[in-house]
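What follows is each chain in one-letter form.
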Amino acid sequence: MKPVLEVRDLTVTYPARRGAAPARAVDGVNLRVRQGEIVALVGESGCGKSTLARALVGLVKPTGGQVLSDGEPLGYSAAALKAYRRHTQLVLQDPGGALNPRQNVFDAVAEGPRLHGLTDRLDERVHTALAKAGLRPPEQFAGRFPHEMSGGQQQRVVIAGALALEPSVIVADEPVASLDASVRGEILKLILELRDSLGLSALVVSHDLGLAWNIADRVAVMYLGRIVETGTVEEVLLRPKHPYTRALLSVLPDSGEPPVLLTGEPPDPTSVPGGCRFHPRCPLRAAEQDPRCDGEDLPVLTGDPSASSLAACHLVQ
Amino acid sequence: MTAHERTTAPEGQAAPMLDVRDLRVSYRSGEQTVPAVRGVSFTLDRGQTLGIAGESGSGKSTMALSLLRLLPASAQVSGEVLFKGEDLLTAKWARLRAVRWSAASVVFQGAMSALNPVRTIGEQIREPILLHDKIGQRAARERAAELLDSVGVPSRRLESYPHEFSGGQRQRIMIAMALACRPDLIIADEPTTALDVMVQAQVLNLLGELVREAGIGVIMISHDLSVLSHMCERLAVMYAGRITEIGPSKQLIAEPRHPYTRALGRAFPTIGDPASRLAPAGLPGDPPTPSELARLSEGRGCAFAPRCSEAMDACRTDTVELWPSGPRREAACLRVLEGSGT
Ligand SMILES: Nc1ncnc2c1ncn2[C@@H]1O[C@H](COP(=O)(O)OP(=O)(O)OP(=O)(O)O)[C@@H](O)[C@H]1O
Ligand SMILES: Nc1ncnc2c1ncn2[C@@H]1O[C@H](COP(=O)(O)OP(=O)(O)O)[C@@H](O)[C@H]1O
Ligand code: SF4
Ligand code: SF4
Ligand SMILES: [Mg+2]
Ligand SMILES: [Mg+2]
């Protein structure tokens, strides 16, 4: 089956800022999201997750490679992008920032449909979207302003705004990062329900591995612009192969293992190390002293979704 | 030692370093007074770590900042904060300032806003040392360098400005500043919330080491129960301005007695636990709004009742307070009272 959303050899390079080299924020990524599937993209701050998410919805034009929707390469004309966004919606980090404080819930949710000229039976469309997002009864919420709602309700409004266009794919960038634990669970439940009831596919960006365990079918672990390990959630989180994934899991409070604290400079996309890009911080390399680690580049992972797991490392396969 | 035991402790037992009694804070806004902390009591000794958990708005920061009277003028505070026997709520400002510099320090939520953007971090670390320790510039410089190295930021970067550091580094710098005058008590308000897992683990590890070595008492606030249970030997869970459950961390996590603690615990999945796989757990509903809270404070009833899956009729009418729920633990729930057979 064709993936509903795919990227092939994607690179996004931000132009150099004074003195510095260009930032290779996304530096060779293959990724597929299949119909009805939830894929979690995890990794530490600055590794390129949001850049990849923005490229997926056409907000950032790739420097190289392709984004494909239902197998068709994405066009970047205004009309092509507009059509594409009905199909693939972005839900942003930080609901407070995503909503206009002077706009009520109805207008916030109606914004997308109005932009796309979907104005007949707008009330019904907006109310349905609100109800799907768990804001029931919708009439009670439509007139409210952001400051009259809790953080969780605000995030539901943002999600309703995306649902109003009846997309088939949602790309959600840290949809619960700014929410309380109890609310976080409610929003994640909503995303799962939408998948089950509407067959929605989703790519969910997060730095939280627990989120992947809670809702994703597959997970991709990103480090410095590349996916270093990908596979089913069970395989990657319970039997991690890549030393970076293993380190990330080991520092979780209830991992039951001694934490592997990575040292060294945080990764910098303006100077990507040669060989394996993780080598300056890799605990396995420190133990094994394999010359390939800093001497031999690794191929980009294929992102084949039928493989139970793939890891970009010279020493584990 | 729990709050309950303290009140019944025999005379002559050494007083705890910090003894907070019936602390209450309200914010005045226009005509209204909105309660934020509604009667909190606990004790803390040297070398002890107490974690405070709870949703945003539950009053964690207000409670912690009120201990050193760091709240805005709109806040009305009552109760007692006995620090080494002295009530900080009634202490003179000069005395309070001395305590803040030397004996108790705070690592604030959001390190970027707490650091002065136009001064080098070296200047900022040296300032309290110079003021309090009455040592020369050179000695202060050396101590600042030592401190910075001890938190894993190279001391050659003393003359850099806050914006030149990453979030994790800034948080370490805040910790270095908090340690500058060798305090007995550190209050850390969400010290790692904005950080990545890896950086968070580094910062917590560091804080843990420093505290163990120096025997500092720590109050650490976080909305993340798993972080607290890992770092702190005791845990207090706050809801709507009150402590709803307090006791040894491990026990609170393994066998929560209060329905809210249970819900909070489930919200942080353990990877590998089949019960949470493709089954996120939340808590329906919202915490009480400030006006609901004001109403609750006048009447009786459990503040958690509207969201509690185990609520009974009595929960809306009876007075609920912290009751013993096991050795060294207490919980504010009528079900606990029922279960204990009293
Ligand atoms: N507009 C831009 N111009 C230059 N560099 C940028 C730009 N946007 C992002 N970057 C850089 O690209 C890298 C990847 O950024 P990105 O926002 O994708 O990270 P992220 O993984 O989403 O991080 P976070 O978890 O903090 O949100 C970072 O080093 C960032 O500083
Ligand atoms: N400066 C302030 N003025 C008025 N109300 C405040 C102020 N700071 C906090 N509050 C209110 O007090 C309550 C507790 O807030 P806070 O102590 O910040 O909680 P937490 O740290 O647990 O998130 C909330 O209802 C909040 O809106
Ligand atoms: S290739 Fe070498 S440096 Fe890279 S992850 Fe594997 S062991 Fe570590
Ligand atoms: S007192 Fe009643 S409402 Fe409150 S937590 Fe216990 S069971 Fe729930
Ligand atoms: Mg991001
Ligand atoms: Mg706070």
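Residues numbered from 1 in each chain as written. Chains lettered and ligands numbered in written order. Predicted model: local features only at pLDDT ≥ 70, side-chain atom pairs only at ≥ 80, totals over all residues. Heavy atoms only, no water.

Caption draft 1: Representation of the overall build of chain B in the model. Along chain B, the regular secondary structure elements total 14 helices and twelve strands. On C-alpha atoms alone, chain B measures out to a radius of gyration of 21 Å, which is about the 20 Å that the 2.2 N^0.38 rule sets for 342 residues. Viewed in the frame of its principal axes, chain B has a C-alpha envelope of about 65 × 50 × 45 Å. Residue pairs in contact within chain B that sit at least 24 positions apart in sequence constitute 64% of those at least 6 positions apart. A total of about 15,000 Å² of accessible surface is found on chain B, and carbon and sulfur atoms cover 51% of it. Positive and negative side-chain charges of chain B, numbering 39 and 38 respectively, have mean locations separated by a distance of 3 Å. (Helix = DSSP H or I, 4+ residues; strand = E, 2+ residues; numbered from the N terminus. Rg over C-alpha atoms; globule rule 2.2 N^0.38 Å. Contact = heavy atoms within 4.5 Å. Areas by Shrake-Rupley, 256 points an atom, 1.4 Å probe, with all protein chains shown as cover. Lys, Arg positive; Asp, Glu negative; His and termini not counted. Charge placed at Lys NZ, Arg CZ, Asp CG, Glu CD.)

Caption draft 2: Quick peek at the sheet that holds strand 12 (residues 329-331) of chain B. All names here are of chain B. Read from one edge of the open sheet, eight strands run 6-7-8-3-9-10-12-11, paired in mixed fashion. Since the sheet does not close on itself, it has two edges, and those belong to strand 6 (104-107) and strand 11 (323-326), each with one partner. Within the sheet, the average angular offset between the axes of one strand and its neighbour, ignoring direction, is 25°. In this sheet, strand 8 (residues 217-221) lies alongside strand 7 (residues 185-189) in parallel orientation, the contact comprising five bridges. Within the sheet, the bridge partner assigned to aspartate 189 lies in strand 8 and is isoleucine 221. The sheet contacts of helix 7 (residues 167-179) involve strand 6 and strand 7, and relative to strand 6 the element is tilted by about 170°. (Pairing = 2+ DSSP bridges. Axes fitted to C-alpha atoms, helices over the stretch in contact; angles between N-to-C directions.)

Caption draft 3: A look at the interface of chain B and chain A. Facing the 32 residues of chain B at the interface are 39 residues of chain A. Where chain B abuts chain A, roughly 3,000 Å² becomes buried across the two surfaces, and 60% of that area is made up of carbon and sulfur atoms. Three residues stand out in chain B for area buried against chain A, namely Met198(B), Ile271(B) and Arg277(B), and they jointly supply 25% of the buried area on that side. For the pair chain B and chain A, the number of links is one salt bridge. Elements with a contribution of two residues or more to the side of chain B that touches chain A: helix 8 (197-214), helix 9 (225-231) and helix 11 (259-267) of chain B. Of the residues assigned to the side of chain B that touches chain A, the class counts are 16 nonpolar, ten polar and six charged. (Buried area = accessible area lost by both parts, 1.4 Å probe. Salt bridge = Lys/Arg side-chain N within 4 Å of Asp/Glu carboxyl O. Nonpolar A, V, L, I, M, F, W, Y, C, P; charged D, E, K, R; others polar.)

Caption draft 4: Summary view of the site of ligand 2. All names here are of chain B. All residues in the neighbourhood of ligand 2 are listed as Tyr27, Ala36, Glu55, Ser56, Gly57, Ser58, Gly59, Lys60, Ser61, Thr62 and Pro72. A distance of 3.3 Å separates an oxygen atom of ligand 2 from a polar atom in the backbone of serine 58. Lysine 60 is positioned such that a nitrogen or oxygen atom in its backbone is 2.8 Å from an oxygen atom of ligand 2. Protein burial of ligand 2: of its 560 Å² of free accessible surface, 63% is covered by the chains. With three residues, helix 2 (residues 60-67) is the largest single contributor of residues to the shell around ligand 2. In terms of residue class, the shell around ligand 2 is made up of three nonpolar, six polar and two charged. (Near = heavy atom within 4 Å. Polar contact = N/O pair within 3.5 Å; in protein donor to acceptor, adjacent residues only side chain to side chain.)

Caption draft 5: Local environment of the site of ligand 3. The environment of ligand 3 is formed by His242(A), Pro243(A), Cys276(A), Phe278(A), His279(A), Cys282(A), Leu284(A), Arg285(A), Cys293(A), Cys313(A), His314(A) and Leu315(A). Its residues placed into classes, the shell around ligand 3 shows eight nonpolar, three polar and one charged.

Caption draft 6: Highlighting the pairing of strand 10 (residues 226-232) of chain A. Residue and element names in this part refer to chain A. Taking burial as the measure, the seven residues of strand 10 include six buried ones, the bulk of the element. Sheet topology places strand 9 (residues 218-223) next to strand 10; six bridges connect them, and they run antiparallel. When the bridges of strand 10 are listed, arginine 218 appears paired with threonine 232. Between the end of strand 9 and the start of strand 10, which pair antiparallel, lie two residues, with leucine 224 showing a positive phi angle near 50°. As judged from the three bridges shared by strand 10 and strand 11 (residues 309-311), these two strands associate in the antiparallel manner. Among the inter-strand pairings, threonine 230 is bridged to a residue of strand 11, identified as leucine 310. (Buried < 20%, exposed > 50% of the residue type's maximum accessible area, 1.4 Å probe, protein only.)

Caption draft 7: Representation of the pattern of salt bridges within the structure. All names here are of chain A. This structure, assessed with the given rule, holds 31 salt bridges over all chains. The salt bridge involving arginine 24 is made with aspartate 27; its shortest N-O contact spans 2.9 Å. For arginine 24, a relative accessible area of 33% gives the class partly exposed. Its relative accessible area of 9% is what places aspartate 27 among the buried residues.

Caption draft 8: Molecular detail of unusual backbone geometry. Cis geometry marks the peptide bond from Arg136(A) to Pro137(A), where omega comes out at -10°. As for its placement among the helices and strands, Pro137(A) is situated in the loop between helix 5 (122-132) and helix 6 (138-142). One non-glycine residue, Leu278(B), lies in the positive phi region at around 50°. Turning to its location among the elements, Leu278(B) is positioned in the loop between helix 11 and helix 12 (290-298). On the basis of relative accessibility, which here comes to 35%, the residue Leu278(B) falls in the partly exposed class.

Caption draft 9: How the structure looks around the packing of helix 5 (residues 121-133) of chain B against helix 7 of chain B. All names here are of chain B. The interhelical angle for the contact between helix 5 and helix 7, taken along N-to-C directions, is 25°, at an axis separation of 8 Å. One element, helix 5, and the other, helix 7, form an angle in the roughly parallel class. The two elements helix 5 and helix 7 meet at a crossing, and its hand is right-handed. Within the contact between the two elements, helix 5 uses Ile121, Gln124 and Ile125 and helix 7 uses Ile173, Ala176 and Met177. Partitioned by chemical class, the residues of the contact of helix 5 with helix 7 number five nonpolar, one polar and no charged. (Parallel < 35°, antiparallel > 145°, perpendicular 65-115°, else oblique. Left-handed = near helix turned anticlockwise from the far one by under 90°.)

Caption draft 10: Highlighting the side chain of Thr230(A). Residues and elements named next belong to chain A. Residue placement: threonine 230 occurs in strand 10. At a separation of 3.1 Å, a polar atom in the side chain of threonine 230 contacts the main-chain carbonyl oxygen of valine 219. When neighbours within four sequence positions are excluded, threonine 230 is seen to be in contact with Arg218, Val219, Ala220, Val236, Leu301, Ser308, Ser309 and Leu310.

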